[in-house]
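What follows is each chain in one-letter form.
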Amino acid sequence: MSDFATPESAHIAIVGAGFCGSLAAVVLARAGHRVTLIDRHSVYPKQFRVEKFAGGQLDLMRKLGIFNAIAEASTPFKNFANVRAGRVIDRAYNQHYGILYEEIVRVVRAQLPSSVEFIVDDVVDLKIGRQKQDVTLSRGALLSVDLILLATGMNGALAHRLGFGQRMVSEGHSISFGFTIAAEPELTFNALTCYGTGASNRIDSLSLFPIGDTLRANLFTYLDHRDPWIRELRRSPAARLRDSMPGLAAHFGPRDTVDSLQNWMMNLTTAENVNQDGIVLIGDAFQTSCPATGMGVTRLLTDVDRLCNVHIPQWLATPEMGKEKIATYYRDPIKQAVDAEAMRMAHFRRSLTIDRSLRWKFRRQEHFVRRRVFDLVERVRSKRSRSPKPPSSP
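A brief look at the structure comes next.

### Regarding the environment of aspartate 121
At step 1: In this structure, aspartate 121 sits in the loop between β8 (117-120) and β9 (123-127).
At step 2: Sequence-wise, aspartate 121 and alanine 141 are 20 residues apart; in three dimensions their C-alpha atoms are separated by 9.8 Å.
At step 3: Aside from chain neighbours lying at most four places away, what touches aspartate 121 is Ile38, Asp39, Arg40, Leu137, Ser138 and Arg139.
At step 4: Within polar-contact distance, the side chain of aspartate 121 engages the side chain of serine 138 at 2.3 Å.

Below you can see the structure in the form of structure tokens.
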């Protein structure tokens, strides 16, 4: 008779306590599993990552039981204008929430049940097998667990040592920038997205939205990291953007930057040789996403939901944690569909922004014209639905 853990006593180690790892720990601990969460940071440092949530992401957060906590710490907004070349393309009125990444991590960690052991340390070695997994910490402690979740994001050192591969899909795919500016109460819209107007400056979009009493700016580009424009942007973000994005000044007047510019260069990668005993890659450790698409957080939430709510309970119903069990997570049709859509959108947004071919010039024009027409139709339909009906004849 195997001494493998029952669902009530399973010991799961999660390496990496950012948004993904911390959330997985919350979900698994609430389900009754013994969870050890390991990260080198007791307080997560400032990073420019996901800073707003909307749409189906909110439904996934509700399903995972963290929506209320994150919403309470966020700034809600609805009235969203999308602009290109000074013209409003369309408007969005669906609910969004703005919150800095380090605050997201703080809030999710605050939801950890008291049963979770949170260790602040570095993992220096992992040994995996069908029965037990060993986690060695830098201070000499050794943990023996039933399953390891590797949620280390783009830090692939541990995964590489275990024989996981990494396929480079698009090196230097995008560079994103974030900074905070003083908000003004007379804004026409709660939030604004301004799109680049052509392939020359390689700007996808600038998103402006409230966080607290300030306005957060997220700039998504496909620049080369050596481009001198980046240096100019660091010196004077607001002024440089007004110069580079025609029509922005009509919606975005003079502002003062209230913090330094953060940036994040994204390589599109996907993990290989992932079917191994006793360990699972989750979130960016498995596949990265282009920030301009907004799909990164959707992938993260989907990974946590499918792994923690579907696959781990099934794996623990029988002894051992062999690679054939682990493979069912990577083959999950819902996970695969979201991963594929994120990769498709990453390539689409890059081509839509910078491809100079005749085909993509036409696609670019068609894309924004279709959005303007759809918005016009929707506003006419909405106006008609609000118009009072004429009285019926006696």
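### Quick notes on the side chain of serine 244
At step 1: Along the chain, serine 244 turns up in helix α7 (residues 237-244).
At step 2: Under the relative-accessibility criterion, serine 244 is labelled buried at 13%.
At step 3: Side chain to side chain, serine 244 and tryptophan 229 meet in a polar contact 2.9 Å long.
At step 4: Ignoring any residue separated from it by four or fewer positions in sequence, one finds serine 244 in contact with Asn201, Ile203 and Trp229.

### Some words on the sheet that holds strand β2 (residues 34-39)
At step 1: Strand order in this open sheet of 5 strands is β8-β2-β1-β12-β18, and the pairing throughout is parallel. The sheet terminates laterally at β8 and β18 (279-281), the two strands that pair on one side only. Averaged over all neighbouring strand pairs, the angle between strand axes comes to 20°, with direction disregarded.
At step 2: As paired strands, strand β1 (residues 11-15) and strand β12 (residues 147-150) are joined by 4 bridges and run parallel to one another. Residue pairing for β12: isoleucine 14 is matched across the bridge by leucine 149.
At step 3: Strand contacts of helix α1 (residues 19-30): β1, β2 and β12, with the helix running at about 170° to β2, the strand carrying the most contacts.
At step 4: Where helix α9 (residues 323-330) meets the sheet, it contacts β12 and β18, and its direction lies at approximately 15° from that of β18.

### Things to note about the packing of aromatic side chains
Aromatic ring pairs are defined here through the distance separating the ring centres and the angle between the ring planes.
At step 1: As enumerated under the stated definition, the model contains 9 aromatic pairs in all.
At step 2: With 5.7 Å between their ring centres and 70° between their planes, tyrosine 44 and tyrosine 101 make a pair best called edge-to-face. Taken together, the positions of tyrosine 44 in the loop between β2 and β3 (52-54) and tyrosine 101 in helix α4 (residues 101-110) put the pair 57 residues apart, joining distant regions of the chain. Each member of the pair, tyrosine 44 together with tyrosine 101, is buried.
At step 3: Three or more aromatic residues joined by ring pairs form one cluster here, namely Phe77, Phe80 and Phe209.
At step 4: Above the ring of tyrosine 101, the side-chain terminus of arginine 49 is found at 5.6 Å from the ring centroid.
At step 5: Positioned above the aromatic ring of tryptophan 360, the side-chain terminus of arginine 363 is 4.6 Å from the ring centre.

### Some thoughts on the sheet that holds β9
The pairing of strands in a sheet comes from backbone hydrogen bonds and takes either a parallel or an antiparallel form.
At step 1: Sheet architecture is open: 3 strands sit in the order β9-β10-β11, paired in antiparallel fashion. Of all strands in the sheet, those bounded by a partner on one side alone are β9 and β11 (142-145). Taking the axes of each pair of neighbouring strands and ignoring which way they run, one obtains an average angle of 20° across the sheet.
At step 2: Two strands pair when backbone bridges link them, and β9 and strand β10 (residues 133-137) are joined in this way by 4 bridges, in the antiparallel orientation. Its bridge partner being in β10, valine 123 is matched across the sheet by leucine 137.

The rules we used
Residues numbered from 1 in each chain as written. Predicted model: local features only at pLDDT ≥ 70, side-chain atom pairs only at ≥ 80, totals over all residues. Heavy atoms only, no water. Helix = DSSP H or I, 4+ residues; strand = E, 2+ residues; numbered from the N terminus. Contact = heavy atoms within 4.5 Å. Polar contact = N/O pair within 3.5 Å; in protein donor to acceptor, adjacent residues only side chain to side chain. Buried < 20%, exposed > 50% of the residue type's maximum accessible area, 1.4 Å probe, protein only. Pairing = 2+ DSSP bridges. Axes fitted to C-alpha atoms, helices over the stretch in contact; angles between N-to-C directions. Phe/Tyr/Trp six-rings, centres within 6.5 Å; stacked < 30°, edge-to-face > 60°. Lys NZ or Arg CZ within 6 Å of the ring centre and 35° of its normal.

This is a description of form; function is not addressed.
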